[in-house]
Structures are given as C-alpha cells and as structure tokens.
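The lines below spell out each chain.
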Amino acid sequence: MAKVILEMKNITKTFPGVKALDNVNLKVEEGEIHALVGENGAGKSTLMNILSGVYSYGSYEGDIVYDGDICKFSRIVDSESKGIVIIHQELALIPYMTIGENMFLGNERGKAFAINWNDTYGEADKYLRIVGLQESSRTLIKDIGVGKQSLVEIAKALAKNASLLILDEPTASLNDKDSRALLDLLLQFKKQGMTSIIISHKLEEISYVADKITVIRDGATIETLDKAADKITEDRIIRGMVGRSISDRYPVREKENIGEIALKIENWNVYHPLYTERKVVDNVSMTVRKGEVVGIAGLMGAGRTELAMSVFGKSYGTNISGRIAINGKEVNLHGVSDAIKHKLAYVTEDRKGSGLIMSNSIKHNTTLANLAGVSSRGVIDEDKEYRVAVAQKEKLNVRCSGVEQKAGNLSGGNQQKVLLAKWMFADPDILILDEPTRGIDVGAKYEIYCIINKLVAEGKSVIMISSELNEVIGMCSRIYIMDEGKFVGEVSGAEATQVNIMAHILKKRGKGA
C-alpha cells in the first residue's frame, strides 16, 4: 500500500457569516494525482489555502499531517519549506520582468544585496527545459503566451524543490492543446514520484489525469473515488458536486422564435493598438437575429475577443473600418457609452481585471453600466440602487450574504452572475458574451445557460464566444468559425461537430501553406 503523504483531518474554517469548511477530510498518497472537485464556493480553494499557509494556523480548526509531521503553517514560506507549493488560478507573474527574475522572486540566488545573475538564469534555464520550454529565461513574461506562462509557474514551483504540487484551475485560460500538454507534464512528474493535487471544473481532464477524486459540496466532504476500484462517470461526479444529476448539460430552448436581423457587421477591419501594421480582424462580416444565439469558435489568438471589443464602441484596436447596422439602421459607435445607448453590451472574459470592481459591493457593481437607472439629477438614489441589486441577485440566483458583500469575496460562478447582472440592468438588446463560463463549475454553467435561453426567449440577441467547442455546439443556433483574424466558415448548430469546426480551420491553414 502506498504511503499517505498528506492527511487533512476535520478541517473547519469560518468566515464572518458563513462556514466555508465543515469537518473536511482529505488523504493523499505519495506519487498520485489527486483531484479536488466541487461547485464554485464549495470550499476547494479555501482548503488548499489552508494547506499552503495562506490561511495561517489558528484561523481554522483541525490538523494537517504532512510526511508524518503535524504542520502549523503561519505563512506560505512555511509550507514551501516542506515542499508544498501552490499555483493559483490567477498567475502570479510580473509582465515586465524576465522569466528568470519571476522564477526566483523571493527565492533569490546569491547573497544579500548581491544577486548572482549567472546562477539565476542558469538554474532557470534548467527548470524551463524540464517543463518543455525552449525560451531563454531572459525573455520578458509579457512576450510569451498564457500557456507558456503556466509552464513557467510550474518551473518556478520545481525551483522551490516541490514534492507536493497544488494546481488551482491550471487550464482555465488555456486552449485544448496547451491544456493537454500541461496534463501530460503532470503525468510525467507522477512517473518521477511527484505528488499533485489538481482543482478543475473540466471533468474530462479530471478523468484523464487523476488517480483519485475527492468531491466537496457546501464545505463538506461527500466522497473520494478511486479510479482503480470505483466505476467513475461524469454523471456520478456531477451528482456528488451538485446533489443531483444533470441529464442534459445544455438546456433545450423549448421554441426558437428567431426574428429580424438585430446586428449586421460588414467588412470589419481592426489593427493592433500598439503594432499598428498588424491586422487582427480581417474583413469580417456577420449577422445576428433577434431571439438567436450565434457562436464564434476558434483557437486562442484567432481574433474573437478583438472583434467583440472593437464592435463594442471601438474599445480595442486602431484604424478600424467597416459598417455596423443595428435593427437595420447604420450606426457609428465612437465609444462604450455610444454602444450602451444603442442597447449593445459586452460581457468581458476577464471578470476580475476589467469586468467587476472586486473591492466594491455587489450593489455597486450591479448598477455600474446604468447609473442613470438609479440616479436623479446626477445623484444616486441609494435605496433604489439597493432594490435593483436585490432584484438582480434574486433573478440570477447569486449566492451571497447580501448585496453589500464585496464582489471579490464571491465564488467565480457568482462573480460571473454579478457581471451578467451588471449588463442585464443596462437592458441591452444585443449581448456579446466572451467566455461566459470560464473557470466555473458545471452547476453554475447550467444556470448561466438557462439565463441565456431566457434572454433569447424575450427576443434578445446573443453572441457567444467560447473556447469550449462542446459549449458552442450545445448552445448556438449558428456558429461562425474564426482563424487568424478571418471568418473561415459558418455552420448551423444542428450540423456542427468538433470535427467539422476544426476541419474549417485546418483547411484554411492548409491553403495558406
């Protein structure tokens, strides 16, 4: 029998007004990949923050036993000294520092006030090769993609002599290719004796990589499944996570009532805001009808977000040309305020960076895009703002202690609902949803899909951008396929498959070769 390297016993953690963890137990064997799954807000990240010393000993009840020792971590450096290293979902890298500087930040090579740069970059290069990166460690972080940045974080962890690697949603921002490369790297580390804990909402990835799966629901341990002994299905995992089966991941729209063209884009061209000779959207034309969900599929870097943001009041890009018509009338959207006035909304993929103000309350975030709706003569009516926020919270089933709670203290799924509430209060007719379910669990995804269906049933128009092809196929009436700034194909939802979507991309690239 394998050695139990980690045991977390009866872990209980309480925040003001809420018990985040209630007698949670977790056992991890040496050399295994152990998955932690549950809905947003179930307590997964809280449990790992306790293990890694983010929440110090004394702020929770229960015991951590690692490699036979009872641990009382007060800081992250205490857990790292034991070989426990956590990689958070939001990458902690500084864009304008080199890879090597980032890797040894806080763990500098050399003496006090005298960093040994040759040693720093030499060691960094060694660990970069281990994770499969060929870049020089002298490269700036800003000059490599998100997938490679994730590998830098892993290399940084290895440089701290990690024996237990904790990864919180490591593939949330990665495309399928980069995700598989990262998971294969974990399997390679496993062969070398490394122990890993992975938190993920992507059940197909969990099934691919994990030896055991512990399910947490509402702050309590539900069960631990062993791939070697148990029959594990996605339905069983979902039932443990949400307390019920979800027979259809994508709720069926009872009756599609598709009407006139709401949005028409013709010959749309956009150039990069800094590298102004580089075209990022190339002669794109599309239509969206009332009551229709239209998808835009493509690989990361295809230009989908650039298209969406440039249409939304030219909030991205330079030297923009082309025509936009809303409800048959040509419009010039010179800024975001113009777009909002014309009943157009853009729900960003980056809810933490540019979608919500995390330090502000749910109430304030909900009304941000339509302050006029809660104001009189330029003065906000706080009672009205409160009533609006409560109504939106209830409409979207936001789980929180109240609308005065800070957005930053919500789970990812509930933050996404607040972001949707913000734009729904602006009462748009056309919503552009950019990665609307990124980093949220299967139960919260289903609720957002239901919200989308309700919007189009009311005659609204929705453009959905998603890196998850199954999501686009499951939710959209039509799908435009984008690659290298161009639309390379269009398929109906009924005929769409992952194979024929990718075939359009590969066919176009083959012609260009």
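Criteria and cut-off values
Residues numbered from 1 in each chain as written. Predicted model: local features only at pLDDT ≥ 70, side-chain atom pairs only at ≥ 80, totals over all residues. Heavy atoms only, no water. Axes fitted to C-alpha atoms, helices over the stretch in contact; angles between N-to-C directions. Helix = DSSP H or I, 4+ residues; strand = E, 2+ residues; numbered from the N terminus. Parallel < 35°, antiparallel > 145°, perpendicular 65-115°, else oblique. Left-handed = near helix turned anticlockwise from the far one by under 90°. Contact = heavy atoms within 4.5 Å. Phe/Tyr/Trp six-rings, centres within 6.5 Å; stacked < 30°, edge-to-face > 60°. Buried < 20%, exposed > 50% of the residue type's maximum accessible area, 1.4 Å probe, protein only. Lys NZ or Arg CZ within 6 Å of the ring centre and 35° of its normal. 1 Å grid on protein atoms, 1.4 Å probe; cavity = no way out; pocket = protein on both sides within 12 Å on 5 of 7 lines; lining within 4 Å. Points joined across faces, edges and corners; volume = space filled by probe spheres on them. Domains from an automatic or database assignment. Nonpolar A, V, L, I, M, F, W, Y, C, P; charged D, E, K, R; others polar. Pairing = 2+ DSSP bridges. Core = buried A, V, L, I, M, F, W, Y, C linked by side-chain atoms within 4.5 Å.

The name that an unreviewed UniProt entry assigns to the protein is Putative multiple sugar transport system ATP-binding protein, with the source organism given as Ruminiclostridium sufflavum DSM 19573.

Structural notes on the packing of helix α5 (residues 146-158) against helix α6 (residues 176-191)
The description of two packed helices rests on the angle between their axes and on the distance between the axes. For the pair α5 and α6, the least separation of the axes is 9 Å and the interaxial angle reads 20°. Between α5 and α6, the interaxial angle falls into the category roughly parallel. Relative to α6, α5 is oriented so that their crossing is right-handed. Listed contacts from α6 to Gly147, Ser150, Leu151, Ile154 and Leu158 of α5 are Asp178, Leu182, Leu185 and Phe189.

Considerations on the packing of aromatic side chains
We describe a pair of aromatic rings using the distance from one ring centre to the other and the angle between the two ring planes. Inspection of the entire model under this criterion finds 7 aromatic pairs. A ring pair is formed by Phe312 and Tyr346, whose centres lie 6.0 Å apart and whose planes are at 40°; its orientation type is tilted. With Phe312 in the loop between α9 (304-311) and β16 (318-326) and Tyr346 in strand β18 (residues 344-347), the pair connects residues that are 34 residues apart, well separated along the chain. Neither residue differs from the other here; Phe312 and Tyr346 are each classed as buried. With a centroid separation of 4.9 Å and 15° between ring planes, the pair formed by Tyr480 and Phe487 is classed as stacked. Among the aromatic residues, ring-to-ring pairing joins Phe312, Tyr346 and Trp423 into one connected group. When the ring centre of Tyr55 is taken as origin, the NZ or CZ atom of Lys13, which lies over that ring, is 4.7 Å away. The ring of Tyr208 has Arg180 sitting right over it, with the charged end atom 3.9 Å from the ring centre.

Things to note about empty space enclosed by the protein
As enumerated under the stated definition, the model contains 3 cavities of 30 Å³ or more in all. Empty space within the largest cavity amounts to approximately 50 Å³. If you trace the largest cavity, you find it lined by Glu39, Asn40, Arg399, Ser411, Gly413, Asn414, Lys417, Asp441, Ala444 and Glu447. The set of elements that each furnish at least two residues to the lining of the largest cavity consists of α14 (412-425) and α15 (442-457). No other element matches the 3 residues that α14 contributes to the lining of the largest cavity. Two domains each put at least three residues into the lining of the largest cavity: domain 3 (252-343 + 429-512) and domain 4 (354-427). The computed volume of the second largest cavity comes to approximately 50 Å³. The set of elements that each furnish at least two residues to the lining of the second largest cavity consists of α9 and β22 (461-465). At 3 residues, α9 tops the list of elements feeding residues into the lining of the second largest cavity. The class makeup of the residues in the lining of the second largest cavity is 9 nonpolar, no polar and no charged.

Focus on the sheet that holds strand β23 (residues 478-483)
Pairing between the strands of a sheet is mediated by backbone hydrogen bonds and can be parallel or antiparallel. The strand order across the open sheet built from 6 strands is β18-β21-β22-β15-β23-β24, with neighbouring strands paired in mixed fashion. Sheet topology places β18 and β24 (486-492) at the edges, where each strand pairs with a single neighbour. Strand-to-strand twist across the sheet, computed as the mean angle between neighbouring axes with direction ignored, equals 20°. Looking at chain direction, strand β15 (residues 293-297) and β23 are connected through 4 bridges and run parallel. Residue pairing across strands places Ala297 opposite Ile481, the latter belonging to β23. In the packing of α14 onto the sheet, the strands contacted are β18 and β21 (430-434), and the crossing angle to β18 comes to about 165°. Along the sheet, α15 makes contact with β15, β21 and β22, crossing β22 at roughly 145°.

Digging into the nonpolar core
Counting 78 residues, the largest nonpolar core has Trp268, Met286, Leu307, Ile324 and Ile479 as the members making the most contacts within it. Among the elements that take part in this core, α15 stands out by supplying 7 residues, more than any other. Both domains that furnish three or more residues to this core are identified here as domain 3 (252-343 + 429-512) and domain 4 (354-427). Setting aside chain neighbours within four positions, we find Leu307 in contact with Trp268, Val281, Val284, Met286, Ile296, Met482 and Phe487. Ranked by size, the runner-up nonpolar core spans 46 residues in total, among them Leu128, Ala162, Leu174 and Leu225.

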